[in-house]
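Understanding the architecture of this molecule
So the chains spell out like this:
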Amino acid sequence: MAVVTIHALPDGPLLLDAVRAQRIAKVAEMASRLVETGAFVDRDDSIMVLVSFGYSPFEVHALVDDAMQIAREHVVAMEMSDV
């Protein structure tokens, strides 16, 4: 009779951490582009600017709202620190 040992496979959060880190970095990069161009107020302008910087349309449509939010938060923080 053979003894069978079951080992857990690495899945779930272990593999998703890298994907999350890539997404966070991409959103931060997009947000900085929006801040430098000032195109974080209007969604259509944000989409046009990000596509013009070479981001794929899929990436832009998936991440534009998060990038706009981060850009707004950055601008508000900068304005509050100037006061």
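Before reading on, note that the structure itself is shown above.
Residues numbered from 1 in each chain as written. Predicted model: local features only at pLDDT ≥ 70, side-chain atom pairs only at ≥ 80, totals over all residues. Heavy atoms only, no water.

1. Focus on the environment of Ala67
Its location among the elements puts Ala67 in helix H3 (residues 57–82). By relative accessible area, which is 0% here, Ala67 ends up buried. Here the alpha-carbon distance between Ala67 and Arg33, two residues 34 residues apart in the chain, equals 9.2 Å. Residues contacting Ala67, with those up to four places away along its chain left out, are Val27, Met30, Ala31 and Leu34. (Helix = DSSP H or I, 4+ residues; strand = E, 2+ residues; numbered from the N terminus. Buried < 20%, exposed > 50% of the residue type's maximum accessible area, 1.4 Å probe, protein only. Contact = heavy atoms within 4.5 Å.)

2. Some thoughts on the packing of helix H2 (residues 43–52) against H3
Between H2 and H3, the least distance of the axes is 10 Å, while the angle of their chain directions is 120°. One element, H2, and the other, H3, form an angle in the oblique class. Note on packing geometry: the crossing formed by H2 with H3 is right-handed. Contacts from Arg43, Ser46, Ile47, Leu50 and Val51 in H2 reach Val60, His61, Val64, Asp65 and Met68 in H3. Looking at the contact of H2 with H3 residue by residue, the classes come out as six nonpolar, two polar and two charged. (Axes fitted to C-alpha atoms, helices over the stretch in contact; angles between N-to-C directions. Parallel < 35°, antiparallel > 145°, perpendicular 65-115°, else oblique. Left-handed = near helix turned anticlockwise from the far one by under 90°. Nonpolar A, V, L, I, M, F, W, Y, C, P; charged D, E, K, R; others polar.)

3. Observations regarding the pattern of salt bridges
A full pass over the atoms with the stated rule returns four salt bridges. With a closest N to O distance of 2.2 Å, Asp66 and Arg23 form a salt bridge. With Asp66 in helix H3 and Arg23 in helix H1 (residues 13–37), this pair connects stretches of sequence that are 43 residues apart. Assessed through its relative accessible area of 40%, Arg23 is described here as partly exposed. One salt bridge connects Glu36 with Arg33, and the closest N-O pair in it is separated by 3.9 Å. Placement of both Glu36 and Arg33 in helix H1 is noted, with a separation of three residues, approximately one turn of the helix. (Salt bridge = Lys/Arg side-chain N within 4 Å of Asp/Glu carboxyl O.)

4. Some remarks on the nonpolar core
In terms of nonpolar packing, the biggest core is built from 17 residues, with Met30, Leu34, Leu50, Val60 and Val64 touching the most fellow members. Mapped by element, the contributors of at least two residues to this core are H1, H2 and H3. In contact with Leu50, not counting residues within four places along its chain, are Met30, Arg33, Leu34, Tyr55, Val60 and Val64. (Core = buried A, V, L, I, M, F, W, Y, C linked by side-chain atoms within 4.5 Å.)

5. Comments concerning the environment of Gln69
Its place among the elements puts Gln69 in helix H3. For the pair formed by Gln69 and Val27, sequence separation is 42 residues and the distance between their alpha carbons is 9.7 Å.

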